[in-house]
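# Report on the structure
Each chain, written out:
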Amino acid sequence: MIRLDLAPRPVRVGAAGAGVFGALLLAGCSGAADAGTQDAGANSDAGATTTEGPYADGTYTAEGTYNTPESVEQITVTLTLQDDVVTDVEVTGDPQRPESEQYQSQFIGGIADEVVGQNIDDLSVDRVAGSSLTSGGFNAAVEEIKAEAAA
C-alpha cells in the first residue's frame, strides 16, 4: 500500500488555520475599506481621501471620469446639499460611444432615487438602473464635491 499523505497532520492543520485566519483578515480589511472609501477599480481617483462633514449648504458641480472597455467617459454631477443631505441631483453625460450613451441615460434616469435624501457621506453608488461603470465617475465627482463643500 502506498501512502500519499506526505505532510504530518499538525502541519496540515496549521496551514489550514493560517488560511482561515488570512481570509478573515482580508474580509475585515474589505469591510473597513468599503465603509469610508470608494472602489479603487471603479475610477481613476483611487488615491483620493474621503472627507467627513459637516459641509456647507449649497449647490456644487464636479466632473467624474470612468473607463469602459472602448473609451474614457465623462459625466458632470451637480448636487444640492442642505445639512449634509442631498436634496437634488443632476447628472449630464458626454458619451463617446453608443453603448455609453445608453448606460449614461439609464444611470441619469435612476440616480435621483438612489441619492436624494441621503447623507453625502453615505453616498457610494454601485449599479444604477443597470449601469455599473458610470457609478465610478459619479463617485469620483462626489468626492470632489465633498472636498469643495468641506472647505
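Structure shown above.
Just so it is clear, the structure is predicted and the values come from calculations on it, not from any experiment. (Residues numbered from 1 in each chain as written. Predicted model: local features only at pLDDT ≥ 70, side-chain atom pairs only at ≥ 80, totals over all residues. Heavy atoms only, no water.)

### Considerations on the environment of Asp 57
With respect to the helices, strands and loops of the structure, Asp 57 is situated in the loop between α1 (9-36) and β1 (58-67). What makes Asp 57 partly exposed here is its relative accessible area of 45%. For the pair Asp 57 and Ala 150, spaced 93 residues apart in sequence, the C-alpha separation works out to 9.7 Å. Contact partners of Asp 57, with chain neighbours within four places excluded, come to Leu 81, Gln 82, Asp 83 and Asp 84. Of note is the side chain of Asp 57, whose polar atom sits 2.7 Å from the backbone nitrogen of Asp 83. (Helix = DSSP H or I, 4+ residues; strand = E, 2+ residues; numbered from the N terminus. Buried < 20%, exposed > 50% of the residue type's maximum accessible area, 1.4 Å probe, protein only. Contact = heavy atoms within 4.5 Å. Polar contact = N/O pair within 3.5 Å; in protein donor to acceptor, adjacent residues only side chain to side chain.)

### Quick look at the sheet that holds strand β3 (residues 85-93)
Consider a sheet: its strands pair through backbone hydrogen bonds, and that pairing is either parallel or antiparallel. Reading across the sheet, the three strands line up as β1-β2-β3 and stay open at both edges, with antiparallel pairing between neighbours. Edge positions in the sheet fall to β1 and β3, since each of these pairs with one other strand and no more. If you compare each strand with its neighbour and ignore which way they point, the axes differ by 25° on average. Looking at chain direction, β1 and strand β2 (residues 72-82) are connected through 10 bridges and run antiparallel. Note that in β2 the partner of Thr 59 across the bridge is Thr 80. Across the sheet, helix α2 (residues 98-115) touches β1, β2 and β3, and the angle it forms with β3 is around 170°. Helix α3 (residues 133-150) rests against β1, β2 and β3 of the sheet, and its axis sits at about 140° to β1. (Pairing = 2+ DSSP bridges. Axes fitted to C-alpha atoms, helices over the stretch in contact; angles between N-to-C directions.)

### Some remarks on the nonpolar core
The biggest cluster of nonpolar side chains holds 23 residues, and the ones touching the most others in it are Val 77, Leu 79, Val 91, Ile 111, Val 115, Ile 120 and Phe 138. Those elements that place two or more of their residues in this core are β1, β2, β3, α2 and α3. The element best represented in this core is α3, accounting for five residues. Excluding anything up to four places from it in sequence, Val 115 contacts Val 86, Val 89, Leu 123, Val 125 and Phe 138. (Core = buried A, V, L, I, M, F, W, Y, C linked by side-chain atoms within 4.5 Å.)

### With respect to α2
With 18 residues, α2 extends 26 Å from end C-alpha to end C-alpha; this agrees with the ideal 26 Å at 1.5 Å per step. At Gly 109, α2 shows its strongest bend, of approximately 35°. Among the residues of α2, Ser 100, Gln 104, Phe 107, Gly 110, Ile 111 and Val 115 are the ones counted as buried. (Expected span 1.5 Å × (residues − 1). Bend = angle between axes of the 7 residues up to and from the residue.)

### Some words on α3
Structurally, the α-helix is built with 3.6 residues per turn, so residues lying three or four positions apart point the same way. Helix length check: α3 (18 residues) gives 27 Å between terminal C-alpha atoms against 26 Å at 1.5 Å per residue, within 8%. With 13 of its 18 residues buried, α3 lies for the most part within the structure.

### As for the side chain of Ser 71
Its place among the elements puts Ser 71 in the loop between β1 and β2. On the basis of relative accessibility, which here comes to 13%, the residue Ser 71 falls in the buried class. A polar atom in the side chain of Ser 71 sits 2.6 Å from the side chain of Glu 73. Discounting residues that sit within four places of it in the chain, Ser 71 has contacts with Tyr 66, Gln 96, Arg 97 and Ser 100.

### Focus: the pattern of salt bridges
Going through the model one piece at a time under the given rule, you end up with three salt bridges. Residues Arg 97 and Glu 99 are paired through a salt bridge, measuring 3.9 Å at the closest nitrogen-oxygen approach. We classify Arg 97 as partly exposed; its relative accessible area is 35%. Look at Glu 99 and you get partly exposed, because its relative accessible area is 38%. Across the salt bridge formed by Lys 146 and Glu 143, the nearest N and O atoms sit 3.5 Å from each other. Pair noted here: Lys 146 and Glu 143 are both in helix α3, with a separation of three residues, about one helical turn. By relative accessible area, Glu 143 is classed as buried at 10%. (Salt bridge = Lys/Arg side-chain N within 4 Å of Asp/Glu carboxyl O.)

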